[in-house]
Amino acid sequence: TDAYGCIDELTKADYIVVHPGYSKDEKDELNVLDFFDDCFDKRMLIENCPIGAWQSNFFFSTPKKIAEFISRYKSSFLFDVGHAILSANTLNENIFDFISRFEKLNSKVHHVYGTEINSTLTEHHKHFHQAESDYSYLSMLNPESTFVFETDLVSRSERSDYEKNIAFLNSFLCEKETIKE
């Protein structure tokens with residue numbers, strides 16, 4: 001399609017992340033799948049979206065839905081860990097089991113940030129040291145994958161905030177250097 005041709009010419013990126021959004025009904029999910037059927041590129045990674053008190057109809061929010069996508073397109077995904085925490089809490093599932101089921105799907109990219117461990121309202125995109133959480137789940141993540149760290153500009157961030165994030169991630173992921181400082 002014309003849109004796909006434009007993507008192909010504009011980017012030589014290793015990955016193209018697609019955040020599919022939410023649906024009003026089942027037809028919306030079919031529209032997303034139609035898009036992928038027509039325009040799929042092996043570089044495209046679907047991002048798991050959140051189920052939350054305010055976001056009940058997002059696409060690809062569970063390990064089962066992501067596994068179906070991966071199987072259909074022979075692809076991978078971007079694992080947004082904050083979205084998984086929010087979804088697990090909303091679905092009354094154990095956070096660590098939920099993350100483990102996602103992790104078994106071998107994401108190419110992990111999206112991490114500080115989030116409140118018991119939240120059902122929204123993910124927070126804070127620096128790790130700004131959110132009350134049990135971050136032991138970070139040790140469950142594949143340290144060889146690509147990591148994306150995102151923070152909101154709610155308050156001014158200092159260089160030391162980012163340095164703390166890198167040190168914090170390294171302390172959980174592994175002893176060898178896998179995240180470049």
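Residues numbered from 1 in each chain as written. Predicted model: local features only at pLDDT ≥ 70, side-chain atom pairs only at ≥ 80, totals over all residues. Heavy atoms only, no water.

Participant: Describe the overall build of the protein chain, naming the residues involved and giving the relevant values.
Facilitator: When you go through the protein chain residue by residue, the secondary structure sums to six helices and five strands. Its helices and strands taken in sequence order, the protein chain reads α-β-α-β-α-β-α-α-β-β-α from the N to the C terminus. The long-range share in the protein chain, meaning contacts at least 24 apart out of those at least 6 apart in sequence, stands at 72%. Put simply, the protein chain shows about 10200 Å² of open surface, and 50% of that area lies on carbon and sulfur atoms. (Helix = DSSP H or I, 4+ residues; strand = E, 2+ residues; numbered from the N terminus. Contact = heavy atoms within 4.5 Å. Areas by Shrake-Rupley, 256 points an atom, 1.4 Å probe, with all protein chains shown as cover.)

Participant: Explain the sheet that holds strand 3 (residues 77–80) residue by residue, including any values.
Facilitator: The parallel open sheet is built from five strands, whose spatial order is 1-2-3-4-5. Of all the strands in the sheet, the pair left with one neighbour each is strand 1 (16–18) and strand 5 (146–149). Direction aside, neighbouring strands of the sheet carry axes that sit 25° apart on average. Where helix 4 (residues 81–90) meets the sheet, its contacts fall on strand 2 (44–47), strand 3 and strand 4 (109–112), and the angle it forms with strand 3 comes to roughly 60°. (Pairing = 2+ DSSP bridges. Axes fitted to C-alpha atoms, helices over the stretch in contact; angles between N-to-C directions.)

Participant: Tell me about the packing of helix 2 (residues 26–39) against helix 3 (residues 63–73), and name the residues and values.
Facilitator: Packing of helix 2 against helix 3 brings their axes to within 12 Å, and their N-to-C directions diverge by 30°. By the angle between their axes, helix 2 is roughly parallel relative to helix 3. Considering the relative orientation of helix 2 and helix 3, their crossing is right-handed. Contacts between helix 2 and helix 3 involve E29, L33, F36 and D37 on the former and, on the latter, K65, F69, R72 and Y73. Split into classes, the residues belonging to the contact of helix 2 with helix 3 amount to four nonpolar, no polar and four charged. (Parallel < 35°, antiparallel > 145°, perpendicular 65-115°, else oblique. Left-handed = near helix turned anticlockwise from the far one by under 90°. Nonpolar A, V, L, I, M, F, W, Y, C, P; charged D, E, K, R; others polar.)

Participant: Can you lay out unusual backbone geometry for me, pointing to particular residues and giving the numbers?
Facilitator: Of note, F60 is a non-glycine position whose phi angle comes to about 55°, a positive value. Topologically, F60 is positioned in the loop between strand 2 and helix 3. For F60, a relative accessible area of 5% translates into the label buried. The phi angle at N106 is positive, at roughly 60°, despite the residue not being glycine. Within the secondary structure, N106 is located in the loop between helix 5 (95–103) and strand 4. (Buried < 20%, exposed > 50% of the residue type's maximum accessible area, 1.4 Å probe, protein only.)

Participant: Could you give me a rundown of the pairing of strand 3, with the residues and numbers involved?
Facilitator: On a regular strand, each side chain points to the face opposite its neighbour's, so the side chains alternate between the two faces of the sheet. Because side chains alternate across strand 3, one face comprises the buried residues F77 and F79, and the other comprises L78 and D80, equally buried. As paired elements, strand 2 and strand 3 share two bridges and run parallel to each other. Counterpart to E47 in the pairing with strand 3 is L78. Of the strand pairs in this sheet, strand 3 and strand 4 are connected by three bridges, and their pairing is parallel. Paired with F79 across the two strands is H110, which belongs to strand 4.

Participant: Which residues make up the pattern of salt bridges, and what values go with them?
Facilitator: Across all of its chains, the model carries six salt bridges by this definition. As a salt-bridge pair, E116 and K126 come within 3.2 Å of each other at their nearest N and O atoms. With a gap of ten residues between them, E116 in the loop between strand 4 and strand 5 and K126 in the loop between strand 4 and strand 5 connect regions that are remote in the sequence. The class of K126 is partly exposed, set by a relative accessible area of 27%. Notably, a salt bridge pairs R159 with E163, separated by 2.5 Å at the nearest N-O pair. (Salt bridge = Lys/Arg side-chain N within 4 Å of Asp/Glu carboxyl O.)

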